[in-house]
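# Chain and residue survey
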Amino acid sequence: MPKKILFVFGTRPEAIKLAPVIRAFEKEAAFRAVVCVTGQHRQMLDQVIFAFRLRVDHDLSIMTGNQTLADITTGALNGLADLYRKIRPDLVMVQGDTTTVMAGALAAFYLKIPVGHVEAGLRSFDLANPFPEEMNRIMADRVAALHFAPTRLAKRNLIKEGIGRKTITVTGNTVVDALAGIRNQTRDFSDASLRRLFGGRGMMGRASRLILLTAHRRENFGRPLEEICKAIAALARRYQDAVVVYPVHLNPNVQRTARRMLKGVSRVTLTAPLDYMDLIELLRRSYLVLTDSGGIQEEAPAFGKPVLILRRVTERPEAVAAGCARVIGEVTSQNILKAVRPLFEQPSAYRAMARVRNPFGDGRASWRIVQATRRFFGLSADVAEFVPGRS
């Protein structure tokens, strides 16, 4: 009888990175893939489910207005525990560092169900940055039976924490698999489409350099986000060929600040959250990415786009070490402007970041996860790990 693998996710990034893994398991006769969404983020999650044509078998729909972390945790923990008892999966598969991930892994642990953690071992070594994601990821790793580390550094982090070597497989990051799978599906953003997005203001001339901004993390609420917005307004004034697109997260803390400080600023466009295909097409067309999110730090290098990370620390230092990303440090407008300046004014500095090979994967992470899971259940032998620079 096929082993039942229950995939649990609740946000857009989780869905993106699990989509190719689910597809890979669906092709395996030895496994039966079952999908459960918690609905931690509803609208943005549904966009990706539609884009990747994922079949959802169970939907907990836990999202509520002005939900707190405690609301998400208790809703997901209770709902998932009930589901696990009902369908009795052989393995629960989670991805990343959200509250859904932590609750999904913990509920499985309480019921003595093995957990597989995709993207295990990332660490910033600062529980406040990112918050609460750093603790979520640590907790998921502590209870997991299978650790799918995206890089060698992530594997070393796990080993230092006492995680057994035999439970860890370096797979590469599944976001590279996801991007490879949708390269031919992204929407054709013609210049006319871009003009409609920008309100017909003719902002996207051929000579324009597009800055894609994403900023929504809890640790940047308040003064740091105000500093980000202040820097964006200054950049738009300083570089007349620059345009900024900011898909504004639905969180009211982000909406209020972004609209108060940037609405109506020349060459800055605030949009609703874009669906994933549109976001990737804008990323493909961008000149530079400013972000405090995790996933875009991995996606941008796949398109040769320099990334400035709007944080004090990152749990993805591989991009920094490779030279395609830089951490701003303290999130101030001065630090942001200082980091942007050479990328706009020194072509050699820009080329040095844009030409770095993506250190995060080769498009075969999902296959390695399947093979490592087969090994866990005694269905196959060892699997060759991902090594950057090898195809």
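Scoring rules and cut-offs
In this numbering scheme, every chain counts its residues from 1 along its sequence in written order. Only residues with pLDDT of at least 70 get local features here, since the model is predicted, and only at 80 or more are side-chain atom pairs given and counted; chain-wide, interface and lining totals rely on the full set of residues. Water and hydrogen atoms were dropped before computing side-chain values, which therefore reflect all heavy atoms in the structure. Numbering goes from the N terminus for both helices and strands, where a helix is a DSSP run of H or I of at least four residues and a strand is a run of E of at least two. Under the scheme applied here, a residue whose accessible area is under 20% of the maximum for its type counts as buried, over 50% as exposed, and between as partly exposed, the area being computed with a 1.4 Å probe on protein chains only. A contact between two residues is defined here by any heavy atoms of the two lying within 4.5 Å. Pairing of aromatic rings covers Phe, Tyr and the six-membered ring of Trp, with a centre-to-centre limit of 6.5 Å; geometry is then stacked below 30 degrees between planes, edge-to-face above 60, and tilted otherwise. By definition here, charges over rings are those cases where NZ of Lys or CZ of Arg is within 6 Å of the ring centre and within 35 degrees of the ring normal. The rule for pairing is simple: two strands pair if DSSP sees at least two bridges between them. In this description, a line fitted to the C-alpha atoms serves as the axis of each element, helices being fitted only across the stretch in contact, and the angle between N-to-C directions of two axes falls anywhere from 0 to 180 degrees.

With that out of the way, let us pick up the environment of Arg32. As for its position among the elements, Arg32 is in strand S2 (residues 31-37). Judged by relative accessible area, which is 47%, Arg32 ranks as partly exposed. Separated by 30 residues in sequence, Arg32 and Pro2 have C-alpha atoms that sit 5.8 Å apart. When neighbours within four sequence positions are excluded, Arg32 is seen to be in contact with Pro2, Lys3, Lys4 and Ile5.

With that settled, consider the packing of aromatic side chains. As enumerated under the stated definition, the model contains nine aromatic pairs in all. Ring plane angle 35° and centroid distance 6.0 Å describe the contact between Phe52 and Tyr276, whose orientation is recorded as tilted. Of this pair, Phe52 sits in the loop between helix H2 (42-51) and strand S3 (58-59) while Tyr276 sits in helix H11 (residues 276-285), and the two are 224 residues apart along the sequence. Between Phe376 and Phe377 the ring centres are 5.1 Å apart and the planes differ by 80°, which places this aromatic pair in the edge-to-face class. The exposure class assigned to Phe376 is partly exposed, which follows from its relative accessible area of 35%. Through a chain of ring-to-ring contacts, the aromatic side chains of Phe7, Phe25, Phe31, Phe376 and Phe377 assemble into a single cluster. In this arrangement the basic side chain of Arg209 is found over the ring face of Tyr287, its NZ or CZ atom lying 4.9 Å from the centre. The residue whose ring lies beneath Arg364 is Trp367, and the NZ or CZ to ring-centre distance is 4.4 Å.

Take the environment of Pro2 next. Checked against the element boundaries, Pro2 lands in the segment before strand S1 (3-9). Its relative accessible area of 40% is what places Pro2 among the partly exposed residues. For the pair Pro2 and Ser366, spaced 364 residues apart in sequence, the C-alpha to C-alpha distance is 19 Å. In this view, Pro2 contacts Ala29, Ala30, Phe31, Arg32 and Asp90; residues no more than four positions away in its chain are not counted.

Let's shift gears to the sheet that holds strand S10 (residues 268-271). Paired through their backbone hydrogen bonds, the strands of a sheet run either parallel or antiparallel. One open sheet holds the six strands; their spatial order is S10-S9-S8-S11-S12-S13, and the pairing between them is parallel. Taken across any chain shown, the strands that pair with only one partner, and hence form the sheet edges, are S10 and strand S13 (325-327). When strand polarity is set aside, the average angle formed by the axes of neighbouring strands in this sheet is 20°. As defined by bridge partners, strand S8 (residues 209-214) adjoins strand S9 (residues 242-247) across four bridges and the pair is classed as parallel. When the sheet's bridge partners are listed, Leu212 is paired in S9 with Val245. Seen against the sheet, helix H14 (residues 333-345) touches S8, S9, strand S11 (288-291), strand S12 (307-309) and S13 and runs at an angle of roughly 170° to S11.

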